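Each chain is listed here by its residues.
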Amino acid sequence: LFYSFSLLFMQLSSGNPAYESFYRQVDPGNTGKVGAAEAAQFLKKSGLSDSTLGQIWDLSDPERKGYLDKKGFFSALRLVASAQGGSDVSLNSLSQNISAPIPKFVSIATLDIRPEDKAKYDGIFESLSPIGGLLSGDKVKPVLMNSNLPLDVLGKIWDLSDIDKDGHLDKDEFSVAMHLVYAAREKEPVPSTLPATLIPPHKRKKIAGALPGSVPVLPSSPFLLKENLRPTPALSKSSLGSSTNLSPSSSFKRSTPTPPQPQTHTQQYEEIFELADSDFDGMVGGGEVKDIFMNSRLPQSVLAHIWSLADTQRTGKLTKEQFCLAMHLIQEKVKGVDPPQSLTPDMIPPSERGAVSTPDSSSSVGLVEPTGIKDLDDINQEISQLQSEKRLLESEIRQKEEALRQRNSDVQEVQRDLERENVGLQELEHQKWDAQERLGEMEQQRAKLESTLDETKSKWQEENVKITSLQTQILSQESDAQMQEKEVSRTKTDLYCMEQEEQRLEESLHAGKAKLDSILKLLKTSQDEMDQTRSELSEIQDAQRELNKTIERFSKALNDSETSLADLDQLIAEESSTAGTKVRNHSTLHKTLHHVLMGFEVYLVLRDTGVRVC
């Protein structure tokens, strides 16, 4: 059986880091044990009912050790996940799937208020005598203060619970406050803002309709006033851990209410008693219930009388039954019914009936009115002592009967556990073969996974080679890029030099163009002068030819002896007239021709006179 259970544990925990993470939360010291209180506190975050969690505990702790080892805790996680998925809580749920589902856990403070819790909180609300359906801070404060939570935590709970910020709590708001108190006692952090799941439906529209950025005027919290700053002892133990030998089911019933049942005043008083019992010793002192009693606004003399009636054993503390009696008398007095001067037999707590007498009758116990006859007085005194001893014996018998009934109940519980164990053994025996078959399938899957892993490693190596090659290429490209950058830098420098040279050449070009324009102008002027000179030269040449012709005619005339002076004068006149017209424009030729003609005239005169002319 245990071998198959261990095999099932291996299937659940293998390769599931989520289960390991959950386990480290409940066993941070890795002791190998998770106590009932720690397990209950953690598993309640699943949102499952107490009865379901009790079944999960029974299946997870088959040896009834009172705690969970790692194997049992993993089984509990698997069963929680199955229950959250809608499956039945049984050993069959542990073997339906090979892969272990992941359960969901949330903070208790963010869970919806369960119907059974709501009924419990409503009962406490009514017992505090609300006015107009509302409880003031003064009435709520004693109940919440008895949780022994720090004042700053209680102030935060009040602020979250007073949703409409009117300084009072209605029934729904009070339920929210009590829900947050219970969550804080379970070491859950108080949320910074109220979760939407806890906001009553009829108040959600009011919150949603608030103007953005508006600042509500908050009434001062009844837990933040200076007069309330009293030392609050730390919570010594969780309500889950008030017993050292928790049974599998009781570990989920200590701190939360029982399944829905008709509410009575006694049940309400018991709930208030559990909140007031800060040290979990099963009794409350005057300091623990003072605020609760004073909340009734009854005179202190009346409250003192009620206390004396309820404290039947004169211990200075009240048991749960005595506290319920005191609360009953207070409620009756609030309604106008005065408390009796002494307790009637039906008012005495059931566990004390026959053992405790009323104050009036206590004087007759052990005291007998003397008759004057010594023997008779001795007999009466002995009878009185025997009656007192009889009452004590009857009280002891009732206590032992109560203990016997409790033990019979425990025996029946053990028998039911044994029957469930036998059923579990049979189920495990049937599941053993299925587990072995699944183990074979898992071995095959493991082989496939190993083959896939080898292929993946091979691909990884190939990819690694490619990455190395790419890295080499990148380094080479980076080197080339650096060289190109240097070349670009040099090219930019050359380009700059060329631009400077180009600028200098352009400046030289402009200067050359200016000089060229000047030269062209000078050349044009020279060309014009050359053309004029050529024209004059041509005229001179023409005149020279005419002059040569004239000279030839004169020479012929001179050489001809028959030519007379008159003919020469006529010739000279004609030539002068013709030549003068052609050479008039040139002064030098004109002068030359004139001198030539005068020379001929002189020659003719001399010749006529007989002068020999050479």
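Residues numbered from 1 in each chain as written. Predicted model: local features only at pLDDT ≥ 70, side-chain atom pairs only at ≥ 80, totals over all residues. Heavy atoms only, no water.

Re the overall build of the protein chain
Part 1: A count of helical and extended segments in the protein chain gives 18 helices and 6 strands.
Part 2: Per-residue burial for the protein chain yields a buried fraction of 34% across its 614 residues.
Part 3: Counted over contacts in the protein chain with a minimum sequence separation of 6, partners at least 24 positions apart contribute 68%.
Part 4: For the protein chain, the exposed area adds up to about 37,300 Å²; of that, 55% sits on carbon and sulfur atoms. (Helix = DSSP H or I, 4+ residues; strand = E, 2+ residues; numbered from the N terminus. Buried < 20%, exposed > 50% of the residue type's maximum accessible area, 1.4 Å probe, protein only. Contact = heavy atoms within 4.5 Å. Areas by Shrake-Rupley, 256 points an atom, 1.4 Å probe, with all protein chains shown as cover.)

Let's talk about helix H4 (residues 50–60)
Part 1: Along H4, 8 of the 11 residues are buried, which leaves the element largely enclosed by surrounding structure.
Part 2: If you check which residues of H4 are buried, you get Asp-50, Thr-52, Leu-53, Gly-54, Ile-56, Trp-57, Asp-58 and Ser-60.

Digging into the side chain of Asp-162
Part 1: You can see Asp-162 is positioned in the loop between helix H8 (151–161) and strand S4 (168–169).
Part 2: Buried charge without a partner: Asp-162 forms no salt bridge, and the closest opposite charge is Lys-165, 5.9 Å away.
Part 3: A polar contact is formed between the side chain of Asp-162 and the backbone nitrogen of Asp-166, at a distance of 3.3 Å.
Part 4: One polar contact links the side chain of Asp-162 to the main-chain amide nitrogen of Gly-167, over a distance of 2.9 Å. (Lys, Arg positive; Asp, Glu negative; His and termini not counted. Salt bridge = Lys/Arg side-chain N within 4 Å of Asp/Glu carboxyl O. Polar contact = N/O pair within 3.5 Å; in protein donor to acceptor, adjacent residues only side chain to side chain.)

Digging into helix H2 (residues 17–26)
Part 1: Of the positions making up H2, those classed as buried are Tyr-19, Phe-22, Tyr-23 and Val-26. Buried residues along H2 cover an arc of 100° about the axis, so they all sit on one side. Turned more than 90 degrees away from the buried face of H2 sit Pro-17 and Arg-24, all of them exposed. (Arc of directions from axis to C-beta.)

Some thoughts on the packing of aromatic side chains
Part 1: Using the criterion set out here, one finds 10 aromatic pairs in the structure.
Part 2: On the numbers, 6.3 Å between centres and 20° between planes, the contact of Phe-293 with Phe-323 is stacked. In this pair, Phe-293 is assigned in helix H12 (residues 286–294) and Phe-323 in helix H14 (residues 320–334), connecting sequence segments 30 residues apart.
Part 3: Overall, Phe-293 belongs to the buried group, its relative accessible area being 6%.
Part 4: An aromatic cluster is built from Tyr-19, Phe-22, Tyr-23, Phe-42, Phe-73 and Phe-74, whose rings are joined through pairwise contacts.
Part 5: Between the NZ or CZ atom of Lys-33 and the centre of the ring of Tyr-67, over which it lies, the distance is 4.8 Å. (Phe/Tyr/Trp six-rings, centres within 6.5 Å; stacked < 30°, edge-to-face > 60°. Lys NZ or Arg CZ within 6 Å of the ring centre and 35° of its normal.)

Comments concerning the packing of H2 against helix H5 (residues 70–84)
Part 1: The N-to-C vectors of H2 and H5 enclose an angle of 120°; their axes lie 10 Å apart at closest approach. Crossing of H2 against H5: the hand is right-handed. Counted together, Tyr-19, Glu-20, Phe-22, Tyr-23 and Val-26 of H2 and Lys-70, Phe-73, Phe-74, Leu-77 and Arg-78 of H5 form the full contact between these two elements.
Part 2: The class makeup of the residues in the contact of H2 with H5 is 7 nonpolar, no polar and 3 charged. (Axes fitted to C-alpha atoms, helices over the stretch in contact; angles between N-to-C directions. Left-handed = near helix turned anticlockwise from the far one by under 90°. Nonpolar A, V, L, I, M, F, W, Y, C, P; charged D, E, K, R; others polar.)

Some thoughts on unusual backbone geometry
Part 1: In this structure, Ser-129 is a non-glycine residue whose phi angle is positive, near 55°.
Part 2: Here Ser-129 shows up in the loop between helix H6 (115–127) and strand S3 (135–136).
Part 3: By relative accessible area, which is 28% here, Ser-129 ends up partly exposed.

Here's the deal with the pattern of salt bridges
Part 1: Under the definition given, this model contains 17 salt bridges.
Part 2: In this structure, Asp-69 engages Lys-65 in a salt bridge whose closest nitrogen and oxygen atoms are separated by 3.1 Å.
Part 3: The structure contains a network of salt bridges with shared partners spanning Arg-114, Glu-116 and Asp-117.

Digging into the packing of helix H11 (residues 265–276) against H14
Packed helices, taken two at a time, are described by their axes: the angle between them and the distance between them.
Part 1: In contact at an axis separation of 9 Å, H11 and H14 are set at 120° when each is read in the N-to-C sense. For the pair H11 and H14, the sense of crossing is right-handed. Contacts from Thr-266, Tyr-269, Glu-270, Ile-272, Phe-273 and Glu-274 in H11 reach Lys-320, Phe-323, Cys-324, Met-327, His-328 and Gln-331 in H14.

Overview of the nonpolar core
A general tendency of soluble globular proteins is for nonpolar side chains to be buried together.
Part 1: One finds Phe-174, Met-178, Leu-194, Phe-293, Leu-318 and Phe-323 to be the most contacted residues of the largest nonpolar core, which totals 55 residues.
Part 2: For this core, the elements supplying multiple residues, two or more each, are H6, helix H7 (137–145), H8, helix H9 (171–185), H11, H12, helix H13 (300–310) and H14.
Part 3: Examining the composition of this core, we find that 8 residues originate from one element, H9, more than from any other.
Part 4: Setting aside anything within four residues of it in sequence, one finds Leu-318 in contact with Phe-273, Gly-282, Met-283, Val-284, Phe-293, Trp-307, Ala-310, Asp-311, Phe-323 and Ala-326.
Part 5: Judged by nonpolar contacts, the second largest core, of 23 residues, contains Val-26, Ala-36, Ile-56 and Phe-73. (Core = buried A, V, L, I, M, F, W, Y, C linked by side-chain atoms within 4.5 Å.)

Here we look at the environment of Gln-322
Part 1: Here Gln-322 shows up in helix H14.
Part 2: Given a relative accessible area of 1%, Gln-322 falls into the buried group.
Part 3: Sequence separation between Gln-322 and Met-347 is 25 residues, and the spatial gap between their C-alpha atoms is 9.8 Å.
Part 4: For Gln-322, the contacting residues outside a window of four places in its chain are Ala-310, Thr-312, Gln-313, Lys-317, Pro-349 and Glu-352.

A word on the environment of Ala-326
Part 1: Tracing the backbone through its elements, the reader meets Ala-326 in helix H14.
Part 2: For the pair Ala-326 and Asp-311, spaced 15 residues apart in sequence, the C-alpha to C-alpha distance is 8.7 Å.
Part 3: With sequence-adjacent residues up to four places away left out, Ala-326 is seen in contact with Phe-293, Ile-306, Ala-310 and Leu-318.

Describing a nonpolar patch on the surface
Part 1: Taken together, the side chains of Leu-516, Ile-519, Leu-520 and Leu-523 define a hydrophobic patch exposed on the protein surface, amounting to about 380 Å² of accessible area.
Part 2: Topologically, Ile-519 is positioned in helix H16 (residues 374–559).
Part 3: According to the relative accessible area criterion, Ile-519 is exposed, its value standing at 51%. (Patch = residues over 30% accessible without salt bridge, like charges linked within 9 Å, V, L, I, M, F, W, Y side chains within 5 Å.)

Looking at the environment of Gln-55
Part 1: In this structure, Gln-55 sits in helix H4.
Part 2: Of the residues examined, Gln-55 reaches a relative accessible area of 42% and is grouped as partly exposed.
Part 3: In the structure, Gln-55 is positioned 34 residues away from Val-89 in sequence and 7.1 Å away in space, judged by C-alpha atoms.

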